[in-house]
Amino acid sequence: MALIGIDLGTTHSLIAYYKDGKANLIPNVHGSFLTPSVVSVEKDGNILVGESARERFISHPDNSVHAFKRMMGTAREWQSGKRKFRPEELSALVLRSLKQDAENFLGEPVSEAVISVPAYFNDIQRNATKQAAAIAGLQVTRLINEPTAAALIYGLNDSEDDKKYLVLDLGGGTFDVTILEYFSGVFEVHASAGDNHLGGEDFTQVIIDWINQECVSKKLECPSNVMAYKLAEAAKKQLSKSSAVEIPVSDTDVLLFDQAQFEKIANSLINRIREPIIRVMQDTELTPADFNDIVLIGGSTRMPVIHQFVTKLFKRFPRQTENPDHVVALGAAIQAGLIARHEELNEVVMTDVMPYSMGIATHNESEPDNHIFTPIIERNQTVPVSKEERFSPITDKQSEVELKIYQGESRFAANNLYLGELSSPMPQDLKKRYVDVRFTYDVNGLLEVIATTGDGSHQRLVIQQTEGRMSDQEVDEAFKKLAELKIHPREKAVNKALTIRLDRLYEQAIGERREQIGEWISTFNKTLATQDEKRIAADVKALQKILDEIENRDWF
Ligand code: AMP
């Protein structure tokens, strides 16, 4: 059975497999390791995923969706025509495409995978990820925290033993910080914290806002939303290579954007990185001098503003020796190898922590409507962890107690994340009027709650459904629905992506260039009609090269 690790990213997703003591990335049908986490629906209902969807996103933003990882675990839906998609279903489409790539590459069915999630993903978001996998026909062997996966690669590649790492992971949509130690084959995570709503997309957004403000103040025509996104994303990436960039807001007007300007407008985002870092250091009572390495992962750590900030904070240069886009998927594949207890990895053991406190709402005497949050498991305990607390009803008349379950750090329940509720009947006998509430947090970062009342009636209670959570029945239905969707065939994906790209460039161009692209489109259509695979592949290669030269700009 293939041992697979998946990095289901906000902007890109990757898949890797474990073999002979090593993790290797698997290329998609385009020959690339990075599959854009983008879905697009064509007029006839045909669904595109990955590269062709990303191409179509530029020309048809209304029928395309990206960054849906940020919506995981919410009830938000994306509508295209009459069809509605939950974030879990969109993620399932990406997972299915990765599964097909892996099956094609390995020549065997893939039914199980280790999937990475941000360390700071909450219980609802983790469940949503498992459900996305189920819809895609994949069983999740383990959810692994992204920084932990990356640290596995750094730790295994380091020759020295006993090292403490602080891993900063700034991806497209989330930020995580994790402290972990590697000692004699044991990886031990000491603490994790983060911000589920801070990532590269937010940095792109501040550039979009700046472009629009500049255009208004300089009385220039503002670019369309999609164009502004494309320009801002490209400018952000170019600023990782040079100190200033020109942003062509129209055929005639250019804005000059430099590092100092970027630092200024991104200042509040950069400051948000500080808080979780301080928190993990306080939780572990470690100081910057205690770390052997400050490791940067996630595509957004390529930004010089982040390097500078980290260098100043820790008074040393951070380390980024592994490819920040690849390490998480590779680490997830190593984890898959560990679970299968591969001989080469027999000596390696890994422990992780739960990053949030979990508990229930309890009575607040001074403000009865504002319940206090009473943690049952405090944050940064090593998982799996199981703890029990006893609670009693407030009045003698109560026939049941309600247990409202929350996750978070605020003293007041209402400020934390509501996970669900259970109610437990109270026996009449005064001595038995209590309930023992047991919280068990497993290695996947998922919570189970069991309440046992004083009369010994042992009841296992399951958290009821919350707004953002799909029921088992909904997952089943979504699984069937996916089978009925018209998904563009994988083997034709490369030609499709090229056709969409040519169409988009044709629409964007004018004059001679437009004519030229029109000719390429007709020639390519003729080649496609021959059904001669060799000729088609040669045309694709040649055209891709020419178009890359024309665009000569990073995108996504
Ligand atoms: P991930 O979720 O790890 O795939 O992170 C992707 C994020 O990294 C996106 O927001 C990208 O815009 C960002 N990113 C990728 N390459 C660069 C770069 N060279 N400079 C700045 N940001 C980048």
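Residues numbered from 1 in each chain as written. Predicted model: local features only at pLDDT ≥ 70, side-chain atom pairs only at ≥ 80, totals over all residues. Heavy atoms only, no water.

Trainee: Just to check I follow, could you spell out the environment of C215 for this structure?
Mentor: Its location among the elements puts C215 in helix α5 (residues 200-217). Residue C215 is classed as buried on the basis of its relative accessible area, which comes to 0%. C-alpha of C215 to C-alpha of K99: the two residues are 116 residues apart in sequence and 44 Å apart in space. With residues up to four places along the chain from it excluded, the contact list for C215 reads L220, E221, C222, P223, V249 and L255. (Helix = DSSP H or I, 4+ residues; strand = E, 2+ residues; numbered from the N terminus. Buried < 20%, exposed > 50% of the residue type's maximum accessible area, 1.4 Å probe, protein only. Contact = heavy atoms within 4.5 Å.)

Trainee: I keep staring at the site of the ligand and nothing clicks. Help me out?
Mentor: In the neighbourhood of the ligand, 16 residues make up the surrounding shell, with T11, G172, E233, K236 and S240 lying closest. At 3.3 Å from a nitrogen atom of the ligand is found a side-chain nitrogen or oxygen belonging to R302. About the coverage of the ligand: the protein hides 87% of its 510 Å² of free accessible area. Considering every element that reaches the shell around the ligand, the biggest residue donor is helix α6 (residues 225-238), with three residues. Taken together, the residues of the shell around the ligand sort by class into one nonpolar, ten polar and five charged. (Near = heavy atom within 4 Å. Polar contact = N/O pair within 3.5 Å; in protein donor to acceptor, adjacent residues only side chain to side chain. Areas by Shrake-Rupley, 256 points an atom, 1.4 Å probe, with all protein chains shown as cover. Nonpolar A, V, L, I, M, F, W, Y, C, P; charged D, E, K, R; others polar.)

Trainee: Would you take a moment to explain the pairing of strand β19 (residues 358-362) for this structure?
Mentor: Note on strand geometry: in a regular strand, side chains alternate between the two faces of the sheet. β19 sits mainly inside the fold: five of its five residues count as buried. Judged from the five bridges that link them, β19 and strand β20 (residues 372-377) form a sheet pairing that is antiparallel. What sits directly across from A361, in β20, is F373. Relative to strand β23 (residues 400-407), β19 is paired through three bridges, and the arrangement is antiparallel. Note on β23: the bridge partner recorded for G359 is Y406. (Pairing = 2+ DSSP bridges.)

Shape descriptors only; they carry no functional weight alone.
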